[in-house]
Amino acid sequence: FGDEKVVGEDVETSMSGDFSFSYLWPGNYQLYYYSDDTSIVSPEQVAMVNSFQLERNQTTDLGTLYTYKGLDWDEGFAKIRGKVMLINYKNESQYPNLQIKDISPAQELEVYMSYNNAEFYTERIRTHNDGTFEFNHLLKGKYSIYVYSEDVITGKTEMLVKEMKVEITELEQVIVLDDIIVEKI
């Protein structure tokens, strides 16, 4: 109230978001509440301030006030799913004469996901026994899905990155990727 810097009164909103302050004196008021920072400058919440003046016996409707909640990548409704298949080559075979021993689902293989061009992976999961994987609760945005595979051509110890880029454009979208093939000697 007026130039006071301390809270004179506080209330909680109802389930429908309504609130009311009763028996206020005429004068100048500042109503404030907290919201996530929409400028993404601060991870802390910021005060949203509404100033108004009351006359004697006056009722003021401030209309609809908005609070913002920033969502993390895993607070959505979309999904990305796929399957990783493993080509096993015979131990004695070498490039360019690789001989396939078998092709099977890649079990317990780590699958990485990065959201909106993050420099590091955002989430890491493992494939199921049938080689399938699924990232759930995703927001709209650009995603990279990748796994590591042996370099069977050069035989180097460094792993090759097998990457697929996709974009979620709808709230409840389900993206099914083509099979990802990894190789092993």
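Residues numbered from 1 in each chain as written. Predicted model: local features only at pLDDT ≥ 70, side-chain atom pairs only at ≥ 80, totals over all residues. Heavy atoms only, no water.

Participant: Would you take a moment to explain the nonpolar core for this structure?
Facilitator: As a rule of thumb, nonpolar side chains are buried together in soluble globular proteins. Counting 23 residues, the largest nonpolar core has Ile-80, Phe-133, Leu-138, Tyr-143 and Ile-145 as the members making the most contacts within it. Contributions of two or more residues to this core are made by strand 3 (78-89), strand 5 (110-115), strand 7 (132-138), strand 8 (141-149), strand 9 (160-168) and strand 11 (180-184). At four residues, strand 3 tops the list of elements feeding residues into this core. (Core = buried A, V, L, I, M, F, W, Y, C linked by side-chain atoms within 4.5 Å. Buried < 20%, exposed > 50% of the residue type's maximum accessible area, 1.4 Å probe, protein only. Helix = DSSP H or I, 4+ residues; strand = E, 2+ residues; numbered from the N terminus.)

Participant: Sorry, what's going on with the pattern of salt bridges here?
Facilitator: If the charged atoms of two oppositely charged side chains come close together, the side chains can form a pair. Under the definition given, this model contains six salt bridges. We note a salt bridge from Glu-75 to Lys-69, for which the minimum N-O separation is 3.7 Å. In this structure, Arg-124 and Glu-110 form a salt bridge, with 3.8 Å as the shortest nitrogen-oxygen distance. Of this pair, Arg-124 sits in strand 6 (residues 123-126) while Glu-110 is found in strand 5, placing the two residues 14 residues apart along the sequence. A relative accessible area of 42% means that Arg-124 is categorised as partly exposed. Overlapping salt bridges bring together Lys-79, Arg-81 and Glu-134 as one network. (Salt bridge = Lys/Arg side-chain N within 4 Å of Asp/Glu carboxyl O.)

Participant: Would you explain the sheet that holds strand 6 in this entry?
Facilitator: Sheet strands pair by backbone hydrogen bonding; their relative direction is either parallel or antiparallel. Reading across the sheet, the four strands line up as 6-5-8-9 and stay open at both edges, with antiparallel pairing between neighbours. Edge positions in the open sheet fall to strand 6 and strand 9, since each of these has one partner strand only. Between one strand and the next, the sheet's axes are offset by a mean angle of 25°, whatever the strand orientation. (Pairing = 2+ DSSP bridges. Axes fitted to C-alpha atoms, helices over the stretch in contact; angles between N-to-C directions.)

Participant: What exactly am I supposed to notice about the packing of aromatic side chains here?
Facilitator: Both the distance between ring centres and the angle between the ring planes are used here to describe each pair of aromatic rings. All told, the structure shown has 10 aromatic pairs when counted by the stated rule. Both rings, one in Tyr-112 and one in Tyr-146, keep their centres 5.4 Å apart while their planes meet at 15°; by these two values the pair is stacked. Of this pair, Tyr-112 sits in strand 5 while Tyr-146 sits in strand 8, placing them 34 residues apart in sequence. Tyr-146 carries the same exposure label as Tyr-112, and that label is buried. Put simply, the rings of Tyr-112, Phe-120, Tyr-121, Tyr-146 and Tyr-148 touch in pairs and so form one group of aromatic residues. (Phe/Tyr/Trp six-rings, centres within 6.5 Å; stacked < 30°, edge-to-face > 60°.)

Participant: Sorry, what's going on with the environment of Glu-110 here?
Facilitator: Relative accessible area serves as the criterion here: at 24%, Glu-110 is assigned to the partly exposed category. Separated by 15 residues in sequence, Glu-110 and Ile-125 have C-alpha atoms that sit 5.6 Å apart. Excluding residues within four positions of it along the chain, Glu-110 makes contact with Arg-124, Ile-125, Arg-126, Tyr-146 and Val-147. A distance of 2.7 Å separates a polar atom in the side chain of Glu-110 from a polar atom in the side chain of Tyr-112. In this structure the side chain of Glu-110 is engaged in a polar contact, spanning 3.3 Å, whose partner is the side chain of Arg-126. (Contact = heavy atoms within 4.5 Å. Polar contact = N/O pair within 3.5 Å; in protein donor to acceptor, adjacent residues only side chain to side chain.)

Participant: Explanation requested: a nonpolar patch on the surface in the structure shown.
Facilitator: A surface patch of nonpolar side chains, about 390 Å² in accessible area, is lined by Val-7, Tyr-32, Tyr-34 and Val-49. For Tyr-34, the position within the fold is in strand 1 (residues 27-36). On the basis of relative accessibility, which here comes to 48%, the residue Tyr-34 falls in the partly exposed class. (Patch = residues over 30% accessible without salt bridge, like charges linked within 9 Å, V, L, I, M, F, W, Y side chains within 5 Å. Areas by Shrake-Rupley, 256 points an atom, 1.4 Å probe, with all protein chains shown as cover.)

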